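Residue-level listing of the chains:
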Amino acid sequence: MYYFLGMVVSRVGSVILQPILRKINFVKYGDYSQFIIAEAKDPKMAVLLESSNLYRSICSVLLLALLAYGVKLLAARYGWSLRSVEVGTVIFLAVLFLLSYRNQAAFIEKRILHHNREG
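Throughout what follows, the structure given in this document is the object of discussion. (Residues numbered from 1 in each chain as written. Predicted model: local features only at pLDDT ≥ 70, side-chain atom pairs only at ≥ 80, totals over all residues. Heavy atoms only, no water.)

### Things to note about the pattern of salt bridges
Turning to step 1, where the next piece is worked out: The full count for this structure, using the stated rule, is one salt bridge.
Turning to step 2, where the next piece is worked out: Put simply, E86 and R83 hold a salt bridge, and the shortest N to O gap is 3.5 Å. Placement of both E86 and R83 in helix 4 (residues 82-118) is noted, with a separation of three residues, approximately one turn of the helix.
Turning to step 3, where the next piece is worked out: Judged by its relative accessible area of 60%, R83 is exposed. (Salt bridge = Lys/Arg side-chain N within 4 Å of Asp/Glu carboxyl O. Helix = DSSP H or I, 4+ residues; strand = E, 2+ residues; numbered from the N terminus. Buried < 20%, exposed > 50% of the residue type's maximum accessible area, 1.4 Å probe, protein only.)

Below you can see the structure in the form of structure tokens.
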């Protein structure tokens, strides 16, 4: 259960939070091919990326806590049943993991293209 919750937190960070932060120019990302080159030259890049992802996940936990509280308030105000909140949660999770799957497939394709240009 904890592993799944960790996956949800991580996916919220990468699928929802990261694009929003990029859109508002809170964070900027360089060209991916340049990152691959830098990663090959500097082994510390992997550690720095992991640390960055950890902070993003912590922000995701806090946002999910606010979202859960907001849903609880809305459910009480509008008389939503527990069943409807559960169904809404399952739909949210399904969409979240579908988007994650799409992003991962695109990432794999990007890696393949990069390696094919090198070789």
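There is more to say after this.
### Some words on the side chain of R56
Turning to step 1, where the next piece is worked out: Examined against the element boundaries, R56 turns out to sit in helix 3 (residues 44-78).
Turning to step 2, where the next piece is worked out: One buried charged side chain, R56, makes no salt bridge at all; its nearest oppositely charged neighbour is E50, positioned 12 Å away.
Turning to step 3, where the next piece is worked out: Within polar-contact distance, the side chain of R56 engages the side chain of Q18 at 2.5 Å. (Lys, Arg positive; Asp, Glu negative; His and termini not counted. Polar contact = N/O pair within 3.5 Å; in protein donor to acceptor, adjacent residues only side chain to side chain.)

### Describing the side chain of Q18
Turning to step 1, where the next piece is worked out: As for its placement among the helices and strands, Q18 is situated in helix 1 (residues 2-23).
Turning to step 2, where the next piece is worked out: Beyond its immediate chain neighbours, meaning those up to four positions away, Q18 contacts G13, Y29 and R56. (Contact = heavy atoms within 4.5 Å.)

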